[in-house]
Amino acid sequence: MMKKIISLCLILCLVLGMATACAKEPAKSEGNSAQGVLPLKTGILARSAVSEEESEKVIGEHTKSHVKGDMTFELTFYDNMSSMLMALQAKDIYVMILADSVAQYIVAQNDSLMIAPEREGEGLDQNTASYQMMIKEEDTDIHQMFNDAIVELKEEGVIDELIETHINGHTDGSNPQPVEIPVIDGADTVKVAVTGDLPPLDFVAADGTPAGFNMALLAEIAKKANINIEVVQVDTGARAAALTSGRADVIFWVNSNSCSVHGEIEKGSDTPEGTITTEPYFSESMSFVTFKM
């Protein structure tokens, strides 16, 4: 899902404010020290089909038009949440870009962290993460089943109930509980990849048991579509490869609303070729996690 480009309009408006929130001043990189330029080191999950080089080029152009003074913007991409959180705690990075519910969960579990406040008067665009499921184009039957189930569950208010219980109910940092997916005799089996990288949406307990909102949603889809679901655990950055290789039939994906920046990446270019997505089942804004002041 789209996580490299999703915050282009947001993060640069907060760059100068973020610097003051760091637990210690970032060290000047060797390449910039002579010019006195401070890099704001920022972590982001590697979820995109767009290359890191292309992402950095676009963000770099946007930086030039927004950041003044002795600061630049430096991205580091991580394949999973645990490695990015470890990098933040080791101060290899100073900011993490996360979906709002994930940010609240992480901050509630870490006393030294906070969600960085918006600076007034920035004209901050309202970027959102829109959660969908992704399927290969040729798997039209699977796409139809999942899409129809999501639409019906939304219309019936079931997804709103799942959001309240499995997302809003865990912003205090409490761990999501496992959800049992029904087994239907004689039904077809669809393999769905989970990562555990977006608690409380996507969570894997210490014993390896998947839990959280996504599992609750899969349980409802299984009942609605009359299918069996086999859960496959993959790294965040390997989701697209799991789909295209056939390791999984369905993956969870994130898209964002468009924002205009210098050198903007073409809308939709973040989606791997040969794939299609379902209707969104949940949307939320993005947040920036950093050290408490």
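One can find the structure itself at the top, above this paragraph.
A brief look at the structure comes next. In this text, all values refer to a predicted model and were calculated from it rather than measured experimentally.

1. Thoughts on the packing of aromatic side chains
Counted under the stated rule, the structure contains 6 aromatic pairs. Centroid distance tyrosine 131 to phenylalanine 282: 5.5 Å. Interplanar angle 20°. Geometry classified as stacked. Residue tyrosine 131 is located in strand E5 (residues 128-136), and its partner phenylalanine 282 is located in strand E12 (residues 282-291); the two are separated by 151 residues in the primary sequence. The exposure classification of tyrosine 131 matches that of phenylalanine 282, with both residues buried. With 6.2 Å between their ring centres and 45° between their planes, phenylalanine 213 and phenylalanine 282 make a pair best called tilted. Note that phenylalanine 213 is positioned in helix H7 (residues 213-225) and phenylalanine 282 in strand E12, a separation of 69 residues in sequence. Using a relative accessible area of 12% as the deciding quantity, one classes phenylalanine 282 as buried. The structure contains a cluster of three or more aromatic residues connected by ring pairs, namely Tyr131, Phe213, Phe252, Tyr281 and Phe282.

2. Considerations on the side chain of serine 130
Tracing the backbone through its elements, the reader meets serine 130 in strand E5. A relative accessible area of 14% places serine 130 in the buried class.

3. A few points about the nonpolar core
Core analysis: the biggest nonpolar cluster contains 68 residues, and Met133, Phe146 and Tyr281 have the highest contact counts within it. With 9 residues, H7 is the largest single contributor of residues to this core. Methionine 133 has contacts with Phe146, Ile150, Leu217, Leu218, Ile221, Val250, Ile251, Phe252, Ile276, Thr277, Thr278 and Tyr281, leaving out every residue within four places of it along the chain. If you look at the next biggest cluster of nonpolar residues, it comprises 9 residues, including Met134, Ala193, Leu243 and Ala248.

4. Here's the deal with helix H5 (residues 140-155)
Taking 1.5 Å per residue as the helical rise, H5 with its 16 residues ought to reach 22 Å, and the 22 Å between its terminal C-alpha atoms agrees with that figure. Along H5, the residues classified as buried are Ile142, His143, Phe146, Asn147, Ala149, Ile150 and Leu153. Axial view of H5: buried residues confined to an arc of 160°, hence all on one face. For H5, exposure combined with an orientation more than 90 degrees from the buried face picks out Asp141 and Glu155.

5. Looking at the side chain of glutamate 284
Mapped onto the elements, glutamate 284 comes out in strand E12. Only 2.6 Å separates the side chain of glutamate 284 from the side chain of tyrosine 131, close enough to count as a polar contact.

6. What about the packing of helix H6 (residues 158-166) against H7?
Packing of H6 against H7 brings their axes to within 10 Å, and their N-to-C directions diverge by 150°. Judged by the angle between their axes, H6 and H7 are roughly antiparallel. Crossing of H6 against H7: the hand is right-handed. Together, Val158, Ile159, Leu162, Ile163 and His166 of H6 and Phe213, Ala216, Leu217 and Glu220 of H7 make up the contact between the two elements. Residues belonging to the contact of H6 with H7 are distributed by class as follows: 7 nonpolar, 1 polar and 1 charged.

7. Re unusual backbone geometry
Cis geometry marks the peptide bond from proline 199 to proline 200; its omega dihedral reads 10°. One non-glycine residue, lysine 91, adopts positive backbone phi at about 65°. For lysine 91, the position within the fold is in the loop between helix H3 (81-89) and strand E3 (95-99). Of note in this structure, asparagine 226 is not a glycine but carries a positive phi near 55°. Considering the arrangement of structural elements, one finds asparagine 226 in the loop between H7 and strand E9 (228-233).

8. Quick look at the pattern of salt bridges
The full count for this structure, using the stated rule, is 3 salt bridges. We note a salt bridge from glutamate 152 to lysine 224, for which the minimum N-O separation is 3.6 Å. Of this pair, glutamate 152 sits in helix H5 while lysine 224 sits in helix H7, placing them 72 residues apart in sequence. Residue glutamate 152 is classed as partly exposed on the basis of its relative accessible area of 33%. The salt bridge partner of lysine 223 is glutamate 220, with a shortest N-O separation of 3.3 Å. Residue lysine 223 and its partner glutamate 220 are both found in helix H7; the two are separated by 3 residues, about one turn of the helix. Taken together, the salt bridges that share partners define one network made up of Glu152, Glu156 and Lys224.

9. Side note on the pairing of E5
Strand residues, when the strand is regular, have side chains that alternate between the two faces of the sheet. Along E5, 8 of the 9 residues are buried, which leaves the element largely enclosed by surrounding structure. When E5 meets E12, the two strands line up antiparallel, connected through 4 bridges. Among the inter-strand pairings, serine 130 is bridged to a residue of E12, identified as serine 283. Bridge count for E5 against strand E11 (residues 275-277) is 3 bridges, and the pairing is antiparallel. Pairing of methionine 134 across the sheet is with threonine 277, part of E11.

Thresholds applied
Counting restarts for each chain: residues are numbered from 1 in the order of the written sequence. Where totals are concerned, whole chains, interfaces and linings use all residues; where local detail is concerned, this predicted model gives features only for residues with pLDDT of at least 70, and gives and counts side-chain atom pairs only at 80 or more. Only hydrogens and water are removed before side-chain values are computed, so all heavy atoms of the structure are retained for them. Only Phe, Tyr and Trp rings take part, Trp by its six-membered ring, and two of them pair if their centres are within 6.5 Å. Stacked means planes under 30 degrees apart, edge-to-face means over 60, and tilted covers everything else. Numbered from the N terminus, helices here are DSSP runs of H or I no shorter than four residues, and strands are runs of E no shorter than two. Remark: exposure states derive from per-residue accessible area (1.4 Å probe, protein chains only) relative to the maximum for the residue type, with buried under 20%, exposed over 50%, and partly exposed in between. Within this scheme, the nonpolar core is defined by two criteria: the residues are buried Ala, Val, Leu, Ile, Met, Phe, Trp, Tyr or Cys, and they are joined through side-chain atoms within 4.5 Å. Two residues form a contact once any of their heavy atoms are found within 4.5 Å. Helix span is expected to be 1.5 Å times the residue number reduced by one. Arc, as used here, means the arc of the directions from the helix axis to the C-beta atoms. In protein, a polar contact means a hydrogen-donor-capable atom and an acceptor-capable atom, both N or O and within 3.5 Å, with residues adjacent in sequence counting only if both atoms are side-chain atoms; elsewhere, any N or O pair within 3.5 Å suffices. For every element, the axis is a line fit to its C-alpha atoms; helices are fit only across the contacting stretch, and the angle between N-to-C directions ranges from 0 to 180 degrees. Oblique is the label for any angle not covered by the other classes, which are roughly parallel (under 35 degrees), roughly antiparallel (over 145) and roughly perpendicular (65 to 115). In this scheme the handedness of a crossing depends on how the near helix is turned from the far one: anticlockwise by less than a right angle means left-handed, clockwise means right-handed. When residues are sorted by character, Ala, Val, Leu, Ile, Met, Phe, Trp, Tyr, Cys and Pro go into the nonpolar class, Asp, Glu, Lys and Arg into the charged class, and all the rest, Gly among them, into the polar class. Throughout this description, the term salt bridge denotes a Lys or Arg side-chain nitrogen within 4 Å of a carboxyl oxygen of Asp or Glu. Whether two strands pair comes down to DSSP finding at least two bridges between them.

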